[in-house]
Amino acid sequence: GEFALYYQPRVDVVSRRIVAVEALLRWVSPTRGVVPPGEFISVLEDTGMMNIVGEWVLRSACEAARTWVAHSQARVAVNLSGRQLDHPDFSKRVKKILTESGLPASRLELELTESLATNDTARRTIAELRALGIRVAIDDFGTGYSSLTLLKRLNIDMLKIDQSFVRGAAQTDPDRVILAAIIHMARGLGLDVMAE
């Protein structure tokens, strides 16, 4: 009962509208205060609890997004772990959560890192999720495998450029060049681009 979701808005730079929100898991400890995921996700993974907590996050985010009247078209984005993506019934579980929450599939976006999308099981699951109408994004692009071959094979909707490139773009030429190249490549592939 100590986990909570915080929601970070995503704003379209042209229209200045909130187009999505990202569900961020936090542990609200009575003794430590708000604990960031970097301090507890590995424990959830190691103890086998990630599927249970991950399903709670997905369900809670979908239920919350369905109630947002002011932003009724905004998507909700949820990060996935490797354990969730490797579960053989994951896409069926997601479909059930969408049905029970009443959230249209088009308003759900699932984020995964490049390293999670490298095996056949993950690619098959991504295809099943996309067939349901769910958007899929590669998170922290540029810091993992960054395989251009992977981008060709994956059926994704968006690249999220890692914040290390965005923060450095104002100070260094290499970051500006890399940022521009990622944006140009993503647009050429018909992908949305988000800068963290």
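Scroll up for the structure.
Everything numeric in this text was worked out from a predicted model, so none of it was measured.

J.: What is the right way to read unusual backbone geometry from this model?
T.: Trans peptide bonds make up most of the peptide bonds, and negative phi angles are found at most residues other than glycine. Positive phi outside glycine occurs at Arg16, with the angle close to 60°. Mapping Arg16 onto the fold places it in the loop between strand E1 (3-11) and strand E2 (18-29).

J.: Whenever I open this one, the pattern of salt bridges confuses me. Can you help?
T.: Opposite charge on two side chains allows them to pair when their charged atoms are near. Under the counting rule described, the total for this entry stands at 15 salt bridges. Between Arg93 and Glu55 there is a salt bridge, with the nearest N and O atoms lying 3.2 Å from each other. Of this pair, Arg93 sits in helix H4 (residues 90-101) while Glu55 is found in helix H2 (residues 50-66), placing the two residues 38 residues apart along the sequence. The exposure class of Glu55 is partly exposed, given its relative accessible area of 25%. The shortest N-O distance in the salt bridge between Arg135 and Glu109 comes to 3.2 Å. Of this pair, Arg135 sits in strand E6 (residues 135-141) while Glu109 sits in strand E5 (residues 108-113), and the two are 26 residues apart along the sequence. Judged by relative accessible area, which is 16%, Arg135 ranks as buried. Residues participating in the shared-partner salt-bridge network are Arg10, Glu22, Arg75, Glu109, Glu111, Arg135, Asp139, Lys160 and Asp192.

J.: Help me understand the side chain of Glu45 in this model?
T.: Locating Glu45 in the fold gives a position in helix H1 (residues 41-47). Accessibility expressed as a relative area gives 18% for Glu45, which makes it buried. A polar contact of 3.5 Å, which involves the side chain of Glu45, links it to the side chain of Ser81. Not counting residues within four places of it along the chain, the set of residues in contact with Glu45 comprises Met50, Ser81, Gly82 and Arg83.

J.: Would you mind showing me how to read the environment of Glu128 here?
T.: Along the polypeptide, Glu128 turns up in helix H5 (residues 120-131). Placed 25 residues apart in sequence, Glu128 and Leu103 show a C-alpha to C-alpha distance of 18 Å.

J.: Would you mind going over the packing of aromatic side chains with me for this structure?
T.: Two measures describe an aromatic ring pair: the distance that separates the ring centres and the angle between the ring planes. According to the stated counting rule, one finds three aromatic pairs in the structure shown. Geometrically, the ring pair formed by Phe3 and Phe40 is tilted, given 5.4 Å between the ring centres and 40° between the ring planes. Pair noted here: Phe3 is in strand E1 and Phe40 is in the loop between strand E3 (33-35) and H1, with a separation of 37 residues, a long-range link. Assessed through its relative accessible area of 30%, Phe3 is described here as partly exposed. Judged by relative accessible area, which is 6%, Phe40 ranks as buried. On the basis of an interplanar angle of 85° and a centroid distance of 6.4 Å, the ring pair of Trp27 and Phe40 is categorised as edge-to-face.

J.: Just to check I follow, could you spell out the pairing of E1 for this structure?
T.: Consecutive side chains of a regular strand alternate in pointing toward one face of the sheet and then the other. Examined bridge by bridge, E1 and E2 share nine bridges and lie antiparallel to one another. From the neighbouring strand, Tyr6 faces E2, where its bridge partner is Leu24. A loop of six residues connects E1 with E2, the two strands running antiparallel in sequence, and Arg16 in this loop sits at a positive phi of about 60°.

J.: Can you walk me through the environment of Leu98 in this structure?
T.: For Leu98, the position within the fold is in helix H4. Under the relative-accessibility criterion, Leu98 is labelled buried at 8%. Sequence separation of Leu98 and Leu108 is 10 residues, and the distance between their C-alpha atoms is 8.6 Å.

J.: Please clarify how the side chain of Asp157 should be interpreted in this entry.
T.: Topologically, Asp157 is positioned in the loop between helix H6 (148-153) and strand E7 (158-161). Here Asp157 falls in the buried class, since its relative accessible area comes to 14%. Polar side-chain contacts of Asp157 include one of 2.7 Å to the side chain of Arg130. Setting aside residues no more than four positions away along its own chain, Asp157 makes contact with Arg130, Ile134, Arg135, Val136, Leu191 and Asp192.

What counts, and at which threshold
- All chains use their own residue numbering, which begins from 1 and follows the written sequence.
- Only residues with pLDDT of at least 70 are given local features in this predicted model, and only at 80 or more are side-chain atom pairs given and counted; all residues enter the totals for whole chains, interfaces and linings.
- Hydrogens and waters are ignored; side-chain quantities use all the structure's heavy atoms.
- Helical segments are the DSSP runs of H or I of at least four residues, strand segments are the runs of E of at least two, and each set is numbered from the N terminus.
- One side-chain nitrogen of Lys or Arg within 4 Å of one carboxyl oxygen of Asp or Glu is enough to make a salt bridge.
- Note on classification: 1.4 Å probe, protein chains only; a residue is buried when its accessible area is under 20% of the maximum for its type, exposed when over 50%, partly exposed between these limits.
- In protein, a polar contact means a hydrogen-donor-capable atom and an acceptor-capable atom, both N or O and within 3.5 Å, with residues adjacent in sequence counting only if both atoms are side-chain atoms; elsewhere, any N or O pair within 3.5 Å suffices.
- Here, residues are in contact when the closest pair of their heavy atoms is within 4.5 Å.
- Each pair of aromatic rings taken from Phe, Tyr and Trp, with Trp reduced to its six-membered ring, is defined by centres within 6.5 Å and is described as stacked if the planes are under 30 degrees apart, edge-to-face if over 60, and tilted in the remaining cases.
- Think of it this way: DSSP has to see at least two bridges between two strands before they count as a pair.

Note that all results are geometric; they support no functional claim without further evidence.
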